[in-house]
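Chain residues, written in single-letter form:
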Amino acid sequence: MNFLNKILSIIFSLIFLSTPVLALELDLSVDEEIRKNYNPSKLEDEALPPLPKINGTSAGTSGTNAGSQTSTTPPKSLPAGSQTSQSQSAGFQKYPVKTGEYKKKNGIKVRRGQKFTVRSQQAVSSATREGARISFALSANTPLKRSGFVIPAGTVFHGEIVETHNPQITGNGGLLVMMVDSVTYNGGTTHIDAKITKANDKKIFFDNIKGERGYIDGMVKSMKPGRTFFNTMMRWTNKLSNLGILVILTPITVVSGVVVYGVNMVGSPLFAIFSKGGKVYFPAGTEFEIKMLEEAYL
């Protein structure tokens, strides 16, 4: 028994003495190099979000629970530095820029209601086709209202024939409607909205340049044959009254003349339906007045 104890003691002694020989030796020089080149505490402060604050009472009572909550709760927002870098890299703008909402008008302002006296450079009439283009040259230097600018003589305005028709029956005259839609100033053409208000010093209403009405003239012309016949019968009446016995025929001439003239006069409104009105014609160089309907910038 003593011998067995001695053997066990020797075996345990050998195991205890050989334990340091089996231990691993770790090289800690890498950690030293990292600590020399980088500051671990500074990296932790910049890269990691701040830890949430925990009340002292809860920390004192349950330290393990507080530790578990801190480690598992994700941060609600990224650090300010990372947000800025992400937004810049993605190309987003923090404040959107409004474009076209407050467009600034450049150039010379022509106010609404401004009038220009011009002369046509082409002849136009009620027979001109619709859609034809026409141009007008400014007659004289025209100062702009409430502005120090002057539009020089010779400035060209451009327009279009909107509607036309030749004289029609029932005494309806010809029609000519023109609108002015652009002006060429200082080498550039600008869209404008204007109308013609005068032609040869005559005012134009509702943009319509109308030929003279011909209905009344048609009535007068339709009564001309009856009037001519009546005058002829009166001359024959005078002659028959000087021929003695033939004076008995004078009532016939008088009555026939009166009847024909009366029928012609009563029927003249019906006959005038087939009469036509006057034509509209303006030769080149006719003076017109142009009025601005909307403001424009040259």
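An account of the accompanying structure is given in this report.

So, how was this worked out
Residues numbered from 1 in each chain as written. Predicted model: local features only at pLDDT ≥ 70, side-chain atom pairs only at ≥ 80, totals over all residues. Heavy atoms only, no water. Helix = DSSP H or I, 4+ residues; strand = E, 2+ residues; numbered from the N terminus. Buried < 20%, exposed > 50% of the residue type's maximum accessible area, 1.4 Å probe, protein only. Contact = heavy atoms within 4.5 Å. Areas by Shrake-Rupley, 256 points an atom, 1.4 Å probe, with all protein chains shown as cover. Core = buried A, V, L, I, M, F, W, Y, C linked by side-chain atoms within 4.5 Å. Phe/Tyr/Trp six-rings, centres within 6.5 Å; stacked < 30°, edge-to-face > 60°. 1 Å grid on protein atoms, 1.4 Å probe; cavity = no way out; pocket = protein on both sides within 12 Å on 5 of 7 lines; lining within 4 Å. Points joined across faces, edges and corners; volume = space filled by probe spheres on them. Nonpolar A, V, L, I, M, F, W, Y, C, P; charged D, E, K, R; others polar. Polar contact = N/O pair within 3.5 Å; in protein donor to acceptor, adjacent residues only side chain to side chain. Salt bridge = Lys/Arg side-chain N within 4 Å of Asp/Glu carboxyl O. Expected span 1.5 Å × (residues − 1). Arc of directions from axis to C-beta. Axes fitted to C-alpha atoms, helices over the stretch in contact; angles between N-to-C directions. Parallel < 35°, antiparallel > 145°, perpendicular 65-115°, else oblique.

## Considering the overall build of the protein
Scanning the protein from terminus to terminus reveals 10 helices and 14 strands. For the protein, the proportion of its 298 residues judged to be buried stands at 25%. A separation threshold of at least 6 residues defines the contact pool for the protein, and within that pool the share at least 24 residues apart is 69%. Accessible surface, the protein as shown: approximately 21,600 Å² in total, 60% of it carbon and sulfur.

## Quick notes on the nonpolar core
Formed by 30 residues in total, the largest nonpolar core has its most connected members in Phe116, Phe136, Phe157 and Met178. For this core, the secondary structure elements donating two or more residues are strand S2 (115–120), strand S4 (133–138), strand S7 (156–165), strand S8 (175–185), strand S9 (188–199) and strand S13 (287–292). Considering each element in turn, this core owes the most residues, 5 residues, to S8. Contacts of phenylalanine 116, omitting those with residues within four sequence positions, involve Val110, Leu138, Thr142, Leu144, Ile151, Phe157, Phe288, Glu289, Ile290 and Met292.

## Observations regarding the side chain of histidine 165
Examined against the element boundaries, histidine 165 turns out to sit in strand S7. Excluding residues that lie within four positions of it along the chain, histidine 165 makes contacts with Ser126, Asn172, Gly173, Gly174, Leu175 and Lys210.

## Focus: the packing of aromatic side chains
A complete count under the given rule lists 4 aromatic pairs for this structure. Taking the centre distance of 5.0 Å and the plane angle of 45° together, the rings of phenylalanine 116 and phenylalanine 157 count as tilted. Of this pair, phenylalanine 116 sits in strand S2 while phenylalanine 157 is found in strand S7, placing the two residues 41 residues apart along the sequence. Phenylalanine 157 carries the same exposure label as phenylalanine 116, and that label is buried. Grouping aromatic residues by their ring pairs yields a cluster made of Phe136, Phe282 and Phe288.

## What to know about empty space enclosed by the protein
If you walk through the whole model with that rule in mind, you get 1 cavity of 30 Å³ or more. Estimates place the volume of the largest cavity at around 50 Å³. Along its surface, the largest cavity is lined by Val110, Phe116, Ile151, Phe157, Val183, Ile192, Met292 and Leu298. Classifying every residue of the lining of the largest cavity gives 8 nonpolar, no polar and no charged.

## A word on the side chain of threonine 197
With respect to the helices and strands, the residue threonine 197 is situated in strand S9. Residue threonine 197 is classed as buried on the basis of its relative accessible area, which comes to 12%. A polar atom in the side chain of threonine 197 sits 2.6 Å from the side chain of glutamate 289. Discounting residues that sit within four places of it in the chain, threonine 197 has contacts with Lys202, Lys203, Ile204, Glu289 and Lys291.

## Considerations on the pattern of salt bridges
A full pass over the atoms with the stated rule returns 4 salt bridges. Note that lysine 109 is salt-bridged to glutamate 295, the shortest N-O span being 3.4 Å. On the criterion of sequence distance, the pair formed by lysine 109 in strand S1 (residues 109–110) and glutamate 295 in the loop between S13 and strand S14 (296–297) is long-range, its members being 186 residues apart. In this structure lysine 109 comes out as partly exposed when scored by relative accessible area, which is 29%. Its salt-bridge partner being arginine 133, residue glutamate 160 comes within 3.4 Å of it at the nearest N-O pair.

## Regarding helix H9 (residues 250–266)
With 17 residues, H9 should reach 24 Å at 1.5 Å per residue; the first-to-last C-alpha distance of 24 Å fits that figure. The set of residues buried in H9 consists of Thr250, Thr253, Gly257 and Asn264. Buried residues along H9 cover an arc of 80° about the axis, so they all sit on one side. Structural note: H9 exposes Ile252, Val255, Val263 and Val266 on the side pointing more than 90 degrees away from its buried face. The secondary structure elements touched by the buried residues of H9 are helix H7 (215–222), helix H8 (224–241) and helix H10 (268–271).

## Considerations on the packing of H8 against H9
Running from N to C, H8 and H9 point in directions that differ by 170°, and their axes come no closer than 8 Å. As the angle between them shows, H8 and H9 are arranged roughly antiparallel. Across from Lys224, Pro225, Gly226, Arg227, Phe229, Phe230, Met233, Met234, Trp236, Thr237, Leu240 and Ser241 in H8, the residues of H9 making contact are Thr250, Thr253, Val254, Ser256, Gly257, Val258, Val260, Tyr261 and Asn264. Residues belonging to the contact of H8 with H9 are distributed by class as follows: 11 nonpolar, 8 polar and 2 charged.

## Observations concerning H8
If you check H8, its first and last C-alpha atoms are 26 Å apart, about what 18 residues at 1.5 Å a residue would give, namely 26 Å. Taken residue by residue, H8 has Gly226, Met233, Thr237 and Leu240 as its buried positions. Each buried residue of H8 sits inside an arc of 70° when the element is viewed along its axis, so together they form one side. Within H8, the exposed residues directed more than 90 degrees away from the buried face are Lys224 and Asn238. Looking at the buried positions of H8, the neighbouring elements they touch are H9.

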